Amino acid sequence: MAVRAMTYNIKTGGYDGADQSRLAGVAAVVDRIRPDLLALQELRGFDRRRLAGLAESWGMTGHLARSVSGQPVAVLVRPPARIVAAGSVHRPFHHAAARVTVATDRGPLTVLGTHLQPYSGGWRLREAGWLTAPARPRRGTGGVPMVLLMGDLNSLDPWTDHRERIERLPPAYRGRHLTRGAVDTRAVAALDRAGFVDLFRRAGTGEVTHTAPTTRGGGAEFSGMRLDYILGTAPVAALARDCRVVTGGDTEWASDHYPVIADLDLSPVG
């Protein structure tokens, strides 16, 4: 049995003021893809009760990580997967980072769902550093743990020439992705050095590589950029069978970000 993981920035909780129509579009996307592991970002206005109601409508359970200055994030799981441990990465994230553990036939899998700082590359780099601890080899065993990191990292990758994308950005937004005049890829590079593998580079398929903006969901601050990632430590990356950006249908208007999914060759243990 393969496990499908998905990350999705749903843009301000799926609400535009009093208009809740986008949340219905988000729900339709999740219902179509039916992920087993789901990381959601920008859950504006969500508390644990509201998340539980949304998760129940999808046949899932979830854990919400609240935010002090930004918007909450959450990780949801679908039975037979179950959350055996849950918490938050307790650091001063602009948004938040949720951490859950699920049992699988390959051993415990830690799932991190996060949304990194959008405005400051230096702060984003610090946040990336706070996420590396769960990927370190366990004391006494020397083994690399299974960790899946998903979310809107608000960072360009260090393996691509991004100059044309930066030039197409409105001037007001270019500084978000520059450091001393160079393209700022430090956050993803730090995660790569810590042992996280970009599953899209490892097993990516499909013609679309950018995750923002969508065609009808807004996103003037984007220029065809890959900001949403699914990363895994080496044991997880070895199980990746596919990774792709999901486009078309409700994804084109439900958010300004497209969802990203990855299929992993493992089975949950109930």
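The coordinates are above.
Residues numbered from 1 in each chain as written. Predicted model: local features only at pLDDT ≥ 70, side-chain atom pairs only at ≥ 80, totals over all residues. Heavy atoms only, no water.

Student: What is the right way to read the sheet that holds strand β4 (residues 73-77) from this model?
Tutor: Taken in spatial order, the six strands of this open sheet run β3-β4-β2-β1-β14-β13, and their pairing is mixed. Here the strands that pair on one side only, and so sit at the sheet edges, are β3 (61-65) and β13 (240-245). Averaged over all adjacent pairs, the angle separating strand axes in this sheet is 15°, with direction ignored. The pairing of strand β1 (residues 3-9) with strand β14 (residues 260-264) spans five bridges and is antiparallel. In the strand pairing of β14, Thr 7 is matched with Val 260. (Pairing = 2+ DSSP bridges. Helix = DSSP H or I, 4+ residues; strand = E, 2+ residues; numbered from the N terminus. Axes fitted to C-alpha atoms, helices over the stretch in contact; angles between N-to-C directions.)

Student: Any chance you could explain the environment of Asp 19 here in plain terms?
Tutor: Secondary-structure assignment places Asp 19 in the loop between β1 and α1 (21-33). Residue classification places Asp 19 among the partly exposed positions, given a relative accessible area of 39%. At 2.8 Å, the side chain of Asp 19 forms a polar contact with the side chain of Ser 21. (Buried < 20%, exposed > 50% of the residue type's maximum accessible area, 1.4 Å probe, protein only. Polar contact = N/O pair within 3.5 Å; in protein donor to acceptor, adjacent residues only side chain to side chain.)

Student: Would you mind showing me how to read the side chain of Thr 251 here?
Tutor: Considering the arrangement of structural elements, one finds Thr 251 in the loop between β13 and β14. A relative accessible area of 0% means that Thr 251 is categorised as buried. Polar contacts involving the side chain of Thr 251 include one to the main-chain carbonyl oxygen of Gly 248, which spans 2.7 Å. Every residue in contact with Thr 251, bar those within four places of it in the chain, is listed here: Tyr 8, Val 29, Arg 32, Thr 214, Val 246, Tyr 258 and Pro 259. (Contact = heavy atoms within 4.5 Å.)

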